[in-house]
Amino acid sequence: MMRKLANLILLLVAVAFCYGLQISKPHYGDLIGPIPVRGKVGDTIVGRSFEVRAEKLEFARKLETDRFGETKVLTTGGVWAVVTVAFAARAESTSVAVASWRGPTGLTYDHTERLSFVNNGFLPVTVDPGLPRKARLVFEVSPAEAGNATVLISNKLLAALDSQAEISIGPVAVLSDGFPVGTVDTLDLSQPIDGQPK
Amino acid sequence: MTAQSVVQDNGLGERKWRRRSLWGLLVLIPLTLAVEAYDSVKALLGDNDLFERSVAWGQSAHFGGSDWRLTDLRGAFGMKSLPPDSVPVLADFSVTVGDPDLQKLWLGCKVMLIDAEGRRWSPTSIVSLRTPDNVQTCISAIFSGAKTGETLNLRETFLVPKAATKTIRPAVGLGSERPHFLLFQLEKD
């Protein structure tokens, strides 16, 4: 009788232990998810295949760019956040294709696709070892999500078990109308990025 | 046979089987790991250019069913609007087709430049130079329908830092030959 009871208790303990293992294990998506490499604006963040440094952050109400020789103005109901970054490849030529803007509340904005007609200076960017390149990352975000945000950058969309650079933007002062301090009316993206031939 | 001897026999048999099982685990656990890892190892070896096969200057090497020979490697100096301290490099190959099933054998064809530090450059899209009609890239040659005995002229364009041009060597990897790849030596080697 005692032996049966002991076996039963052992079985229950085993079941409880297995259940504990099951509920405490990381989700499969987390296990094979991207590996974050964190830094601030101005830091060089070193991932597996690329390095990135955010050099400048600008906010604008409108963007201006060239499309087949004519000026195109892109308006938004929110605010444009433009991050100028310098990319460098590590041991191999690589391309960086994906970026997103994660606001303080967790809302995540993908890199805009409204500039897909411009093929130079925006994602995807190909970088070769020893030849760093600058690019602009452009996000269309809600003004409330502009401060304390994180810019996430990776080689490709499903960066499973690969590095993802996470650049913290830090607090951004806001004006009475809710827009970040220093928001310009129009930002001209047809201008070359500092120090890089067009 | 008394009841006691049966019990004793069972005890002996149980011990023997327990020992056999433990030895069995020694075989089964590594075997399970090997079976589980097989696909991953196969993918790792099949997707990466890991082991070089050196080809002397002027020699051709049988690779992916065809004979590959490096004919030229030169810099295209004097081009404007390029990143500072960079130079376009052209690598020319002459390939005599053996097995014409290029779509299978040349799948995943990758031409690259490797320097002394092991850094690898892939063909660039930043520089586009005019090429003669009979010159193709590795990928376009796959769909050229070339027959056995034909010679293909391949050219790939790279953009490398000036400082790396002294030690770069061209290399070719093909899906059917991975993890091996060809590393071509230059005349000066």
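Structure: above.
Quick caveat, the model's predicted, so the values are computed rather than measured.

Asks: Just give me the short version of the overall build of chain B, but keep the residues and values in it.
Replies: When helices and strands are counted, chain B shows three helices and ten strands. Starting at the N terminus and walking to the C terminus, you meet the elements of chain B as α-β-β-β-β-α-β-β-β-α-β-β-β. Against the compact-globule benchmark of 16 Å for 189 residues, chain B has a radius of gyration of 27 Å, which places it well outside the compact range. Dimensions of chain B, computed from the C-alpha atoms along their principal axes, are close to 100 × 40 × 30 Å. Split into buried and exposed, the 189 residues of chain B put 36% on the buried side.

Asks: Outline the overall build of chain A, listing residues and values.
Replies: On a plain count of helices and strands, chain A comes out with two helices and twelve strands. Seen in sequence order, chain A has helices and strands lined up from the N terminus as α-α-β-β-β-β-β-β-β-β-β-β-β-β. Computed over the C-alpha atoms, the radius of gyration of chain A is 23 Å, more than 25% above the 16 Å expected from 2.2 N^0.38 for a compact globule of 198 residues. Seen through its principal axes, chain A has C-alpha atoms that stretch 90 × 45 × 30 Å. Put simply, chain A has 198 residues, and 41% of those count as buried. Taking as baseline every contact in chain A between residues at least 6 positions apart, the subset at least 24 positions apart corresponds to 72%. Counting every atom, chain A has about 11,200 Å² of accessible surface; 57% of that belongs to carbon and sulfur. Positive and negative side-chain charges in chain A, numbering 20 and 20 respectively, have mean positions lying 9 Å apart.

Asks: Just give me the short version of the pairing of strand S3 (residues 50-67) of chain A, but keep the residues and values in it.
Replies: Residues and elements named next belong to chain A. Sheet analysis places strand S2 (residues 44-46) next to S3, joined by three bridges and oriented antiparallel. Among the inter-strand pairings, Val46 is bridged to a residue of S3, identified as Glu51. Joining the antiparallel neighbours S2 and S3 is a turn of three residues. Sheet analysis places S3 next to strand S4 (residues 70-89), joined by 16 bridges and oriented antiparallel.

Asks: Would you mind going over the state of the cysteines in detail, with residue names and values included?
Replies: All names here are of chain B. Within this structure, the stated rule accounts for one disulfide over all chains. Between Cys109 and Cys138 runs a disulfide, and the two sulfur atoms are separated by 1.6 Å. Between Cys109 and Cys138, the S-S torsion sits near 95°, and that sign places the bridge as right-handed. With Cys109 in the loop between helix H2 (102-105) and strand S5 (110-114) and Cys138 in helix H3 (residues 138-142), this pair connects stretches of sequence that are 29 residues apart. The class for Cys109 is buried, based on a relative accessible area of 9%.

Asks: If you had to explain the packing of aromatic side chains to someone new, which residues and values would you point to?
Replies: Residues and elements named next belong to chain A. The tally for this structure, following the rule as stated, stands at six aromatic pairs over all chains. Each ring, one from Phe50 and one from Phe87, has its centre 6.2 Å from the other, and the planes form 70°; the classification is edge-to-face. Of the two residues, Phe50 is situated in strand S3 and Phe87 in strand S4; the sequence distance between them amounts to 37 residues. Judged on exposure class, the residue Phe50 and its partner Phe87 are both buried. The interplanar angle of 50° and the centroid separation of 5.6 Å between the aromatic rings of Trp101 and Phe139 together place this pair among those described as tilted.

Asks: Give me the sheet that holds strand S10 (residues 149-154) of chain A: which residues, what numbers.
Replies: Residues and elements named next belong to chain A. Pairing within the open sheet is mixed, and its five strands lie in the order S1-S11-S10-S6-S7. Each of the sheet's edge strands pairs with one partner strand only, and the pair in question is strand S1 (35-40) and strand S7 (108-110). Pairs of neighbouring strands in the sheet enclose a mean axial angle of 25°, with direction left out of account.

Asks: Before we move on, can you summarise a nonpolar patch on the surface with the specific residues and values?
Replies: All names here are of chain A. There is a patch of nonpolar side chains on the surface, built from Met2, Leu5, Leu8, Ile9, Leu11, Leu12, Val13 and Val15 and spanning about 810 Å² of accessible area. Note that Leu5 resides in helix H1 (residues 2-24). Of the residues examined, Leu5 reaches a relative accessible area of 42% and is grouped as partly exposed.

Asks: Before we move on, could you go through the side chain of A:Thr76 and cite the residues and values that matter?
Replies: Within the secondary structure layout, A:Thr76 lies in strand S4. Within polar-contact distance, the side chain of A:Thr76 engages the backbone nitrogen of A:Gly78 at 3.0 Å.

Asks: Please set out the nonpolar core residue by residue, giving values where relevant.
Replies: B:Trp68, B:Phe93, B:Trp106 and B:Leu152 are the most contacted members of the largest nonpolar core, which totals 33 residues. A per-element tally of this core places strand S4 (residues 86-96) of chain B first, with five residues. Among residues more than four places away in sequence, those in contact with B:Trp106 are B:Gly64, B:Ser66, B:Trp68, B:Val95, B:Cys138, B:Ala141, B:Ile142, B:Leu152, B:Leu154 and B:Leu174. Counting residues in each nonpolar core, the second largest holds 30 residues, with A:Phe59, A:Val79, A:Phe87 and A:Ile153 among its members.

Asks: An account of the pattern of salt bridges is requested, with residue identities and associated values reported.
Replies: Residues and elements named next belong to chain A. Applying the stated rule across the entire model yields 18 salt bridges over all chains. A salt bridge links Arg48 to Asp162; the shortest N-O distance between them is 2.8 Å. A residue pair is termed long-range when its members are at least 10 positions apart, and Arg48 in the loop between S2 and S3 and Asp162 in the loop between S10 and strand S11 (163-170) qualify at 114 residues. Residue classification places Asp162 among the buried residues on the basis of a relative accessible area of 7%.

Procedures and definitions
Residues numbered from 1 in each chain as written. Chains lettered and ligands numbered in written order. Predicted model: local features only at pLDDT ≥ 70, side-chain atom pairs only at ≥ 80, totals over all residues. Heavy atoms only, no water. Helix = DSSP H or I, 4+ residues; strand = E, 2+ residues; numbered from the N terminus. Rg over C-alpha atoms; globule rule 2.2 N^0.38 Å. Buried < 20%, exposed > 50% of the residue type's maximum accessible area, 1.4 Å probe, protein only. Contact = heavy atoms within 4.5 Å. Areas by Shrake-Rupley, 256 points an atom, 1.4 Å probe, with all protein chains shown as cover. Lys, Arg positive; Asp, Glu negative; His and termini not counted. Charge placed at Lys NZ, Arg CZ, Asp CG, Glu CD. Pairing = 2+ DSSP bridges. Disulfide = S-S within 2.5 Å. Phe/Tyr/Trp six-rings, centres within 6.5 Å; stacked < 30°, edge-to-face > 60°. Axes fitted to C-alpha atoms, helices over the stretch in contact; angles between N-to-C directions. Patch = residues over 30% accessible without salt bridge, like charges linked within 9 Å, V, L, I, M, F, W, Y side chains within 5 Å. Salt bridge = Lys/Arg side-chain N within 4 Å of Asp/Glu carboxyl O. Polar contact = N/O pair within 3.5 Å; in protein donor to acceptor, adjacent residues only side chain to side chain. Core = buried A, V, L, I, M, F, W, Y, C linked by side-chain atoms within 4.5 Å.

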